[in-house]
Amino acid sequence: IKGKNWDSTYSNLDKFQEVGKKEFEKPVLTKTIPTEGNVIGNIDDFEVKPEFIRLSGWSSFKEQDATNNDIKIIFIGKGKNYLIATQKVKRQDVTKAFNNKYNYDDAGFAVKMKRKDLPKGNYKIGIIVINLKSKIQSVLITERVLNNN
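Overview of the structure.

Conventions used here
Residues numbered from 1 in each chain as written. Predicted model: local features only at pLDDT ≥ 70, side-chain atom pairs only at ≥ 80, totals over all residues. Heavy atoms only, no water. Helix = DSSP H or I, 4+ residues; strand = E, 2+ residues; numbered from the N terminus. Areas by Shrake-Rupley, 256 points an atom, 1.4 Å probe, with all protein chains shown as cover. Pairing = 2+ DSSP bridges. Axes fitted to C-alpha atoms, helices over the stretch in contact; angles between N-to-C directions.

When helices and strands are tallied, the chain shows one helix and nine strands. Carbon and sulfur atoms provide 51% of the accessible area of the chain, an area that totals close to 9,600 Å².

What follows is the structure, encoded as structure tokens:
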């Protein structure tokens, strides 16, 4: 960080946080779920603690570069669904694993939320991918479930 007199200060925070993003994201009630199809991905890490929930992984449209995508998580409950924004995480390993002409480096995501912000209930967890240029969006319903009771 540059000071008033252009002196530099460095502090190793040992964590990543995008500028403008909060440490904890808040879920938002949504009525719609995009249709399933043409989305690949996985929730690699899913941690549920008494105070918070943390998810990370990767997702993209199949056989398309991930450079213009936004990724959200959807908690699908009985009659009520909740969306949550994610932070982008570079995932060169995904591009390397597929070893094709598509760039999946921007397919990574991570999010942390307070458990109390999500109403009690049982939820399926989906990953929504939105192409910011075409506005096309689709969901991948994962095998992950959350019992938030």
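Having put the structure on the table, let's press on.
Turning our attention to the sheet that holds strand β4 (residues 69–76). Spatially, five strands are ordered β1-β5-β4-β8-β9 in an open sheet, and the strand pairing comes out antiparallel. In this open sheet, the two edge strands, each paired with only one partner strand, are β1 (28–30) and β9 (137–148). With direction set aside, neighbouring strand axes in the sheet form an average angle of 30°. Where β4 meets strand β5 (residues 81–85), five bridges bridge the pair, whose relative direction is antiparallel. Across the sheet, residue Ile76 finds its bridge partner in β5, namely Asn81.

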